[in-house]
Amino acid sequence: MVGLTAVRRGLPGVRPVKGHGETAAPRRDPPRAPESLPTTLPRGTRVLPHRPPTGHPSPSPPPSHGAPESFPTALPRGTRVLPHRPPTGHPSPSPPPSHGAPESFPTALPRGTRVLPHRPPTGHLSPSPLALGPHGAAVPGGGAQPGARRGGQIGAAAARPRPRGVHWLPGLPIAARRPRGCQATPAMAAAEEEDEAAAAAMAELAGLLAPAAGEAARAGAAEAALALSGAAAGRRLLAGRPAALEALLELATAPEPCPPAAAAAARDALGCLVNVSAEPAARGPLLAALPALLGLLPGGPACGVLANLCRERGAARRVLRGLRERGPGLEPLLQALGEPRPPPQLGPLLCNLSQLPEGRRGLLDRSRCSVQRLLPFTQYKDSAVHRRGVVGALRNCCFEYEDHEWLLSEEVDILPFLLLPLAGPEEFPEDEMERLPADLQYLPQDKQREEEPDIRKMLLEAVMLLTATKAGRHVVREKGTYLILRELHRWEREPDVLAACEKLIQVLIGDEPGPGMENLLEVDVPEEVEQQLQRLDREEEEERWRRREQEERQEARDSTPCPEEPSR
């Protein structure tokens, strides 16, 4: 992560939420002792031990998960004592993923200046790997969706989407290996039988995908594999069978032209590979067939397979090396952007490749006008997947501060393309309107902002990176960026996007750093200051989520309809 200086000025404060006091438990008088028994009892009366009366006890504590209670000393003959297994509960939800420690900050800062952490270049920023349905539509393959709520984490409460058009199968259980000498229980035996049945079915599927099985059998097997890859358990099964992956690769890379049945089988096989490529276990076999996959570019399914593989930096480096060895490098991918409907998986692939410095240099090649081909897709309405990937690639390119002046110049003019998706239909006074670029003036009343919160956040981060240099800050201020951010801050409701917007506003209204710190991407800061800033950011994020939850509860309370009075 890199740090950017900022000054808090003119932003509304946030009051901490006070907790509710604890309620004292009601006081209970102790039970009275029983009255004494008579001194003389009738002959033959047996005295039993007295038990004092008990009231209504408080609820008993939860049962202990430790060792079981003791068994009787003598057990009936033939009784077998089984070892005790403590009950298992439902584990709490996992904590939000860590974004890693930011990079170092400056040692000395001007008074009132706060250094904000920044995220380094990343690969595909969509919340889940790409997946394909049988008709080639790019859809998420699972995971959190942007904008979903989790009470502190975005995405965990949303339902996991399924690949469109793929028949989902129930998850196949993978039986754990039984320790040697342990007697199998009926459940363990059933799980092992299912595991053996799954292995036999995968071996049979690999045999049906082989060329010797015939076109009809291969087409049916490819369709079954595509349906199986719709579930996480099915993807794991396919990823753990290299023979099945090799058969799918051979079927997907069949030379053209071919009969219609073979073409349909190739499409199903390639769609299955898109889904399976999200599994780490499939990365090795698929990278071994990289030359064959590169030969399918710039087709959408091939872009989807490579985009999922390039989420890891080592695999992205191998793909870039393979593209350079073929000659034109990124040129085939950039040429595909000029098609009437470019494949939606192309944007994520370019984003993942741009996480490497060599990938960013390819997109910033001034002789090929590469980055200019990406700019129109910040407003691309046909595919949010493609739009998200292109915006992520532009954000990663903004880490190259040597090119900031060129990116902000009239030759590229990247700033209006980053601000236009953040602008709304608001009207400005004439003096403010003249400060804006021509593309941001007099927008129509039906102008809508970017609907995906994660894309809005990446756009703000890209502008933040452009303010890392002194010349960049000057251009961003002079083009009226603050006016767009001011209206966005009034409209925005997502806490993460609000935080990114406030940080950028602080940079624009703050004072310039001192001598030697003009480039904020090259300054250093002590580790203890870095940790303190991380802690402050976490506290601010938690406070924003608490404030938003209170607002939602208040809105729900205000919107509750009052019961109608019964008619007489």
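Overview of the structure.

Rules behind the numbers
Residues numbered from 1 in each chain as written. Predicted model: local features only at pLDDT ≥ 70, side-chain atom pairs only at ≥ 80, totals over all residues. Heavy atoms only, no water. 1 Å grid on protein atoms, 1.4 Å probe; cavity = no way out; pocket = protein on both sides within 12 Å on 5 of 7 lines; lining within 4 Å. Points joined across faces, edges and corners; volume = space filled by probe spheres on them. Nonpolar A, V, L, I, M, F, W, Y, C, P; charged D, E, K, R; others polar. Helix = DSSP H or I, 4+ residues; strand = E, 2+ residues; numbered from the N terminus. Buried < 20%, exposed > 50% of the residue type's maximum accessible area, 1.4 Å probe, protein only. Polar contact = N/O pair within 3.5 Å; in protein donor to acceptor, adjacent residues only side chain to side chain. Phe/Tyr/Trp six-rings, centres within 6.5 Å; stacked < 30°, edge-to-face > 60°. Expected span 1.5 Å × (residues − 1). Patch = residues over 30% accessible without salt bridge, like charges linked within 9 Å, V, L, I, M, F, W, Y side chains within 5 Å. Areas by Shrake-Rupley, 256 points an atom, 1.4 Å probe, with all protein chains shown as cover. Salt bridge = Lys/Arg side-chain N within 4 Å of Asp/Glu carboxyl O. Lys, Arg positive; Asp, Glu negative; His and termini not counted. Charge placed at Lys NZ, Arg CZ, Asp CG, Glu CD. Contact = heavy atoms within 4.5 Å.

1. Some details on empty space enclosed by the protein
Here's step 1: This structure, assessed with the given rule, holds two cavities of 30 Å³ or more.
Here's step 2: What the second largest cavity holds in volume is close to 30 Å³.
Here's step 3: As for the second largest cavity, its lining consists of Ala-423, Gly-424, Glu-426, Phe-428, Leu-443, Arg-449, Ile-484 and Glu-487.
Here's step 4: Class assignment of the residues belonging to the lining of the second largest cavity gives a composition of four nonpolar, one polar and three charged.

2. So, the environment of Glu-461
Here's step 1: Its place among the elements puts Glu-461 in helix α18 (residues 453-466).
Here's step 2: The buried category is assigned to Glu-461, whose relative accessible area is 8%.
Here's step 3: A C-alpha to C-alpha distance of 8.1 Å links Glu-461 and Leu-504, two positions 43 residues apart in sequence.
Here's step 4: At 2.7 Å, the side chain of Glu-461 and the side chain of Arg-395 are in polar contact.

3. Here's the deal with the packing of aromatic side chains
Here's step 1: Tallying each qualifying case throughout the model produces one aromatic pair.
Here's step 2: Between Phe-377 and Tyr-380, the aromatic rings sit 5.3 Å apart at their centres with planes inclined by 65°, giving edge-to-face as the arrangement. Tyr-380 matches Phe-377 in its accessibility class, with the two residues each being buried.

4. A word on helix α2 (residues 215-228)
Here's step 1: For α2, which comprises 14 residues, the first-to-last C-alpha distance of 20 Å matches the rise-based estimate of 20 Å (1.5 Å per residue) to within 8%.
Here's step 2: Within α2, the full set of buried residues consists of Arg-218, Ala-219, Ala-221, Ala-222, Ala-225, Leu-226, Ala-227 and Leu-228.

5. Some remarks on a positive patch on the surface
Here's step 1: A surface patch of positive charge is lined by Arg-318, Arg-321, Arg-324 and Arg-361.
Here's step 2: A relative accessible area of 39% means that Arg-321 is categorised as partly exposed.

6. Some thoughts on the environment of Leu-290
Here's step 1: On the secondary structure map, Leu-290 appears in helix α7 (residues 290-294).
Here's step 2: Separated by 28 residues in the primary sequence, Leu-290 and Arg-318 have C-alpha atoms spaced 8.7 Å apart.
Here's step 3: When residues no more than four places from it in sequence are discounted, the contact partners of Leu-290 are Leu-306, Arg-318 and Val-319.

7. A few points about unusual backbone geometry
Here's step 1: Cis geometry is adopted by the peptide bond preceding Pro-298, which originates at Leu-297 and carries an omega value of 0°.
Here's step 2: With respect to the helices, strands and loops of the structure, Pro-298 is situated in the loop between α7 and α8 (300-309).
Here's step 3: Non-glycine residue Cys-369 carries a positive phi angle of around 55°.
Here's step 4: The backbone of Asp-413 sits at a positive phi, close to 55°, despite the residue not being glycine.
Here's step 5: Given a relative accessible area of 23%, Asp-413 falls into the partly exposed group.

By themselves, these are just geometric observations and shouldn't be taken as functional.
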